[in-house]
Amino acid sequence: MEKVVIIRYAEIHLKGKNRGYFERVFSVNLERSLKGIRHELHRISGRYLVADFDDNQTDEILSRISGVFGVHSYSLGYSVSNTLDEIYDAAKTVSPQSGTFKVDTHRADKRYPLTSMEINAKIGGRLLEEYSALKVDVHTPQGCVYIDVRENGTALVFGQFFEGAGGMPVGTSGKGLLLISGGIDSPVAGYMMAKRGMNVEYLHFHSYPYTNEQAKDKVIDLARLLSRYALTDKLYTISVTRIQEEIHAKCAAELNVTLLRRFMFRIAERFAQRKEAKCLITGESLGQVASQTIEGMTSSGAVVTLPVLRPLVGFDKNEIIERAKKIGTYETSVLPFEDCCTVFLPEFPAIKPKLSFIEEEEKKLDVENLIAEALETLEEIRI
């Protein structure tokens, strides 16, 4: 009887003839998530087993598995041979000793000589003999013994399903570049695209010395938290201080943020092309702030040719906060360190700026040289 973590995948079973590719990427991601922990990973016909691990690291393994996209559910249990005696020995280990229970068997091996109902009856009967305080309740039991008879002569026995992160394995849906700030929204946006299988790279714009090192450290912490799911090991930063100073000095004050975002999108697109990313990702939510009106979004999107994905566009703030709390980024996001968008913030930013007015104001700036100068400030940070 070997203790194992049993992993079941989510949408991969729908992929038909391409399923092998998704399974291979899923395996790689599971291994990456368990880096530094002694273990073996086995695949058994739609199931993955983490085996041969130190029992003291069980909780850490379960925690890491819970954040891997593509995992539908996982369980801590035992792998045994498919004889009734060995199944029963494992069932005793996971069964409650009092209260109500049921045995629930799944037979992947249809050649097994007993039906699922017969296995339920035999194992359940022996457990009732073993524990006099147990009673059967097949509708609302207090505990369950799950038995999964596999095709390779083994059975998996466990007592509980844990919900996985769902989604698709990271790396199966191309690469995107996330414009990550120190706020609540952008980490959630990155999480949502990683959940759909996208390999997410991080780019952060800063305005040092108008923003301090603590603001930068905050973003590094957010990137590290997000990487539990996105499996990304680098954060890239670029300074837009010079650009903001030029905008503030030469352009209409109400367009400060609008013009800055157009520069950010241009710079992000050029960096994304270097990284072979196929889209930009932002945390924009329609109407949340002045720059996120449809006019503001249109203005920003007009300067790039790459698609701009806005997974939060229809969310209200409370929905975004709820997701940020769920993925563990909220407490860091609300730390009181400002990001670059708060520098030179006008008293009355334009809500519905006309594109012709924006373009006219932008002519006052040496756009290409400012972009080139900004790209020279590129810094790579390992997280």
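Here's a quick rundown of the structure. Keep in mind the model is a prediction, meaning the values are calculated, not measured.

## Points about the overall build of the protein chain
(1) Moving on: Scanning the protein chain from N- to C-terminus turns up 13 helices and 15 strands.
(2) Moving on: Its C-alpha atoms give the protein chain a radius of gyration of 26 Å, clearly above 21 Å, the size a compact globule of 383 residues would have.
(3) Moving on: Seen along its three principal axes, the alpha-carbon backbone of the protein chain occupies a region of about 85 × 35 × 35 Å.
(4) Moving on: Looking at the 383 residues of the protein chain, the share that counts as buried comes to 54%.

## Overview of the pairing of strand β1 (residues 2-9)
(1) Moving on: Of all the eight residues making up β1, six are buried; the element is thus mostly covered by neighbouring parts of the structure.
(2) Moving on: Here eight bridges tie β1 to strand β4 (residues 71-81), and the two strands are oriented antiparallel to one another. In the strand pairing of β4, Val-4 is matched with Gly-77.
(3) Moving on: Here β1 runs beside strand β3 (residues 47-51); their pairing, made up of four bridges, is antiparallel. Across the sheet, residue Ile-7 finds its bridge partner in β3, namely Tyr-48.

## Description of the environment of Leu-260
(1) Moving on: Inspection of the secondary structure assignment puts Leu-260 in helix α8 (residues 256-274).
(2) Moving on: Judged by its relative accessible area of 4%, Leu-260 falls in the buried class.
(3) Moving on: For the pair Leu-260 and Val-240, spaced 20 residues apart in the sequence, the C-alpha separation amounts to 8.3 Å.

## Considerations on the nonpolar core
(1) Moving on: Phe-205, Ile-243, Ile-267 and Leu-280 are the most contacted members of the largest nonpolar core, which has 34 residues in total.
(2) Moving on: Those elements that provide at least two residues to this core are β10 (175-179), β11 (199-206), β12 (234-239), α7 (241-250), α8 and α13 (367-375).
(3) Moving on: With nine residues, the top contributor of residues to this core is α8.
(4) Moving on: Setting aside residues no more than four positions away along its own chain, Leu-280 makes contact with Leu-177, Leu-179, Phe-265, Ala-268, Glu-269, Ala-272, Val-304, Leu-306, Pro-307, Val-308 and Leu-309.

## Here we look at a nonpolar patch on the surface
(1) Moving on: A grouping of Leu-128, Val-136 and Val-138 is seen on the molecular surface, where their side chains present a nonpolar patch of about 240 Å² in accessible area.
(2) Moving on: With respect to the element layout, Val-136 can be found in strand β6 (residues 133-136).

## Observations concerning helix α9 (residues 294-301)
(1) Moving on: Along α9, the residues that are buried comprise Gly-296, Met-297, Ser-299 and Ser-300. For α9, the buried positions fall inside an angular range of 160 degrees around the axis, keeping them on one side.
(2) Moving on: On its buried face, α9 is in contact with α8 and α12 (355-362).

## Observations regarding the packing of α7 against α13
(1) Moving on: Running from N to C, α7 and α13 cross one another at 150 degrees; their axes reach a closest spacing of 9 Å. Relative to α13, the element α7 is oriented roughly antiparallel. Contact residues: α7 offers Arg-242, Ile-243 and Glu-246, while α13 offers Leu-370, Glu-373 and Ala-374.
(2) Moving on: Class assignment of the residues belonging to the contact of α7 with α13 gives a composition of three nonpolar, no polar and three charged.

## What about the layout of surface pockets?
(1) Moving on: Empty space within the second largest pocket amounts to approximately 360 Å³.
(2) Moving on: Taken together, Arg-32, Ser-33, Lys-35, Arg-64, Arg-224, Ser-227, Arg-228, Leu-231, Thr-232, Asp-233 and Ile-383 form the lining of the second largest pocket.
(3) Moving on: Listed by contribution, the elements that provide at least two residues to the lining of the second largest pocket are α1 (19-33) and α6 (213-230).
(4) Moving on: With three residues, the top contributor of residues to the lining of the second largest pocket is α6.
(5) Moving on: Class assignment for the residues of the lining of the second largest pocket results in two nonpolar, three polar and six charged.

## Remarks on the sheet that holds strand β14 (residues 308-309)
(1) Moving on: The six strands are arranged β14-β13-β10-β11-β12-β15 in an open sheet whose pairing can be described as mixed. The open sheet has two free edges, formed respectively by β14 and β15 (379-382), since each of these has just one partner strand.
(2) Moving on: Sheet analysis places β10 next to β11, joined by five bridges and oriented parallel. In the sheet register, Leu-178 faces β11, and the bridge partner there is Tyr-202.
(3) Moving on: Each of β10, β11, β12 and β15 is contacted by α6, which is oriented at about 175 degrees to β11, the strand it contacts most.

## Description of the pattern of salt bridges
(1) Moving on: Throughout the structure, instances matching the rule amount to 27 salt bridges.
(2) Moving on: Among the ionic pairs, Glu-11 bridges to Arg-196, the shortest N-O distance being 2.8 Å. Of this pair, Glu-11 sits in the loop between β1 and α1 while Arg-196 sits in the loop between α5 (185-195) and β11, and the two are 185 residues apart along the sequence.
(3) Moving on: Assessed through its relative accessible area of 25%, Glu-11 is described here as partly exposed.
(4) Moving on: Since its relative accessible area comes to 39%, Arg-196 is described here as partly exposed.
(5) Moving on: Across the pair Asp-85 and Arg-126 runs a salt bridge, and its minimum N-O distance is 3.2 Å.

Procedures and definitions
- Residues numbered from 1 in each chain as written.
- Predicted model: local features only at pLDDT ≥ 70, side-chain atom pairs only at ≥ 80, totals over all residues.
- Heavy atoms only, no water.
- Helix = DSSP H or I, 4+ residues; strand = E, 2+ residues; numbered from the N terminus.
- Rg over C-alpha atoms; globule rule 2.2 N^0.38 Å.
- Buried < 20%, exposed > 50% of the residue type's maximum accessible area, 1.4 Å probe, protein only.
- Pairing = 2+ DSSP bridges.
- Core = buried A, V, L, I, M, F, W, Y, C linked by side-chain atoms within 4.5 Å.
- Contact = heavy atoms within 4.5 Å.
- Patch = residues over 30% accessible without salt bridge, like charges linked within 9 Å, V, L, I, M, F, W, Y side chains within 5 Å.
- Areas by Shrake-Rupley, 256 points an atom, 1.4 Å probe, with all protein chains shown as cover.
- Salt bridge = Lys/Arg side-chain N within 4 Å of Asp/Glu carboxyl O.
- Arc of directions from axis to C-beta.
- Axes fitted to C-alpha atoms, helices over the stretch in contact; angles between N-to-C directions.
- Parallel < 35°, antiparallel > 145°, perpendicular 65-115°, else oblique.
- Nonpolar A, V, L, I, M, F, W, Y, C, P; charged D, E, K, R; others polar.
- 1 Å grid on protein atoms, 1.4 Å probe; cavity = no way out; pocket = protein on both sides within 12 Å on 5 of 7 lines; lining within 4 Å.
- Points joined across faces, edges and corners; volume = space filled by probe spheres on them.

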